[in-house]
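Single-letter residue listing:
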Amino acid sequence: MPINQPSNQIKLTNVSIVRLKKGGKRFEIACYKNKVMEWRTGVETDLDEVLQIKNVFSNVSKGQVASQSDLQKAFKSEDLSKIIEEILKKGELQVSEKERSHQIDNIYREIATIVAEKCVNPQTKRPYTVTMIEKALGEIHLSVNVNKNTKSQALDAIKQLQEKKVIPISHAQMRLRITIPNFKETKKAKEKLTPLIASIEDENWDNEYELICLIDPGQYRTIGDILEKDIKGKGQIELLSLNDTSEGDIKF
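Residues numbered from 1 in each chain as written. Predicted model: local features only at pLDDT ≥ 70, side-chain atom pairs only at ≥ 80, totals over all residues. Heavy atoms only, no water.

What to know about the nonpolar core
Thought 1: Among the nonpolar cores identified, the biggest contains 23 residues, and Ile111, Val115, Ile133, Leu137, Leu142, Leu161 and Ile169 are the most heavily contacted of them.
Thought 2: Contributing elements (two or more residues each) for this core: helix 5 (97–118), helix 6 (130–139) and helix 7 (150–164).
Thought 3: Element by element, the count of residues in this core is highest for helix 5, at seven residues.
Thought 4: Apart from the residues lying within four places of it in its own chain, the contact partners of Ile169 are Val115, Cys119, Val120, Pro122, Tyr128, Ile133, Leu161 and Gln162.
Thought 5: Judged by nonpolar contacts, the second largest core, of 20 residues, contains Cys31, Val56, Ile84 and Ile87. (Core = buried A, V, L, I, M, F, W, Y, C linked by side-chain atoms within 4.5 Å. Buried < 20%, exposed > 50% of the residue type's maximum accessible area, 1.4 Å probe, protein only. Helix = DSSP H or I, 4+ residues; strand = E, 2+ residues; numbered from the N terminus. Contact = heavy atoms within 4.5 Å.)

Things to note about the layout of surface pockets
Thought 1: Empty space within the largest pocket amounts to approximately 700 Å³.
Thought 2: Contributing to the lining of the largest pocket are 27 residues, with Asn34, Met37, Leu93, Gln103 and Val146 lying nearest its centre. (1 Å grid on protein atoms, 1.4 Å probe; cavity = no way out; pocket = protein on both sides within 12 Å on 5 of 7 lines; lining within 4 Å. Points joined across faces, edges and corners; volume = space filled by probe spheres on them.)

Observations regarding the pairing of strand 2 (residues 25–31)
Thought 1: When you tally the buried positions in strand 2, you get five out of seven residues, the bulk of the element.
Thought 2: Pairing between strand 1 (residues 16–22) and strand 2: seven bridges, direction antiparallel. The residue bridging Leu20 from the neighbouring strand is Phe27, located in strand 2. (Pairing = 2+ DSSP bridges.)

Some points on the environment of Lys151
Thought 1: Inspection of the secondary structure assignment puts Lys151 in helix 7.
Thought 2: Exposure remark for Lys151: the relative accessible area of 47% places this residue in the partly exposed category.
Thought 3: Taking the C-alpha atoms as reference points, Lys151 and Ile111, separated by 40 residues in sequence, lie 7.0 Å from one another.

Description of the side chain of Gln103
Thought 1: Examined against the element boundaries, Gln103 turns out to sit in helix 5.
Thought 2: A relative accessible area of 17% means that Gln103 is categorised as buried.
Thought 3: Setting aside chain neighbours within four positions, we find Gln103 in contact with Met37, Leu93 and Val146.

Brief notes about the packing of helix 5 against helix 7
Thought 1: Put simply, helix 5 and helix 7 touch, their axes get as near as 9 Å, and they point 65° apart. Crossing handedness for the pair helix 5 and helix 7: right-handed. Packed against helix 5, whose contacting residues are Ile107, Glu110, Ile111, Ile114 and Val115, the element helix 7 presents Thr150, Lys151, Gln153, Ala154, Ala157, Ile158 and Leu161 at the interface.
Thought 2: A breakdown of the residues in the contact of helix 5 with helix 7 according to their chemical character gives eight nonpolar, two polar and two charged. (Axes fitted to C-alpha atoms, helices over the stretch in contact; angles between N-to-C directions. Left-handed = near helix turned anticlockwise from the far one by under 90°. Nonpolar A, V, L, I, M, F, W, Y, C, P; charged D, E, K, R; others polar.)

Quick notes on the confidence of the model for the chain
The predicted coordinates should not be examined in detail at positions where pLDDT is low.
Thought 1: Residue-level pLDDT values for the chain average 82, and 88% of them are 70 or greater.
Thought 2: Here strand 11 (residues 236–244) is the element of the chain with the lowest mean pLDDT, 75, and helix 6 is the one with the highest, 94.
Thought 3: Note on residues 246–252: pLDDT is under 50 here. Beyond four places in sequence and across chains, it has 16 contacts. (pLDDT = per-residue confidence, 0-100.)

Examining the packing of helix 5 against helix 6
Working note: a packed helix pair is described by the angle between its axes plus the distance between those axes.
Thought 1: Following both chains from N to C, one finds helix 5 and helix 6 inclined at 115°, their axes separated by 8 Å at the closest point. Helix 5 and helix 6 meet at a crossing whose hand is right-handed. Counted together, Tyr108, Arg109, Ile111, Ala112, Thr113, Val115 and Ala116 of helix 5 and Val130, Ile133, Glu134, Leu137 and Gly138 of helix 6 form the full contact between these two elements.
Thought 2: Its residues assigned to classes, the contact of helix 5 with helix 6 shows eight nonpolar, two polar and two charged.

In structure tokens:
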């Protein structure tokens with residue numbers, strides 16, 4: 001005769017566990033793969049899309065649900081959503097060594113990509129390839145944090161590369177002239193371009209719209225795509241210069 005599973009036990013499979021120790025107790029939540037980082041970065045905001053089950057456990061792998069008294073004592077609240085959000089925000093994501101290694105590799109590549117997009121060799125004024133940046137980051141033994149924003153880690157990586165002088169590197173911006181025929185799509189295109197522009201030096205609305213501006217190198221392709229799709233290829237981009245910028249000028 002089969003033994004009935006206790007009512008406070010729930011079995012879950014293919015799960016990502018987030019664990020938080022508080023008030024001398026261990027609390028865990030069961031999440032879908034990859035959804036924890038999406039929630040932490042703001043890509044996902046719906047808890048129901050993150051959680052396999054909206055409950056707090058003392059041990060997910062054993063299916064043991066945390067008691068109400070333990071939750072009340074540790075979190076001083078009976079609001080399950082707030083408790084879960086605190087665990088999601090402050091808890092440690094439990095992953096296997098294989099998963100962690102893959103995650104670190106992806107973050108490392110993303111950091112290198114951001115650095116390559118934001119910087120140039122100040123001697124040649126030319127950008128570095130992602131592979132060259134990855135090699136340089138390896139030489140400074142960059143340590144990545146899976147729970148930290150990649151853009152802030154990239155900014156820190158640039159500082160380390162500059163301090164340790166592994167390669168000559170500096171922040172850069174492109175100085176562009178963008179011209180667009182002055183017709184009804186122009187204002188709509190300008191609205192899309194504005195968030196991509198670091199600063200506007202001059203603009204003219206005479207016979208055609210002319211904009212002279214500074215951008216981060218990584219935005220160049222996106223701007224080209226907007227002109228191709230919204231202006232049907234009639235807009236033009238001219239690279240006027242590639243300017244080094246000081247540490248205080250760069251913003252992510």
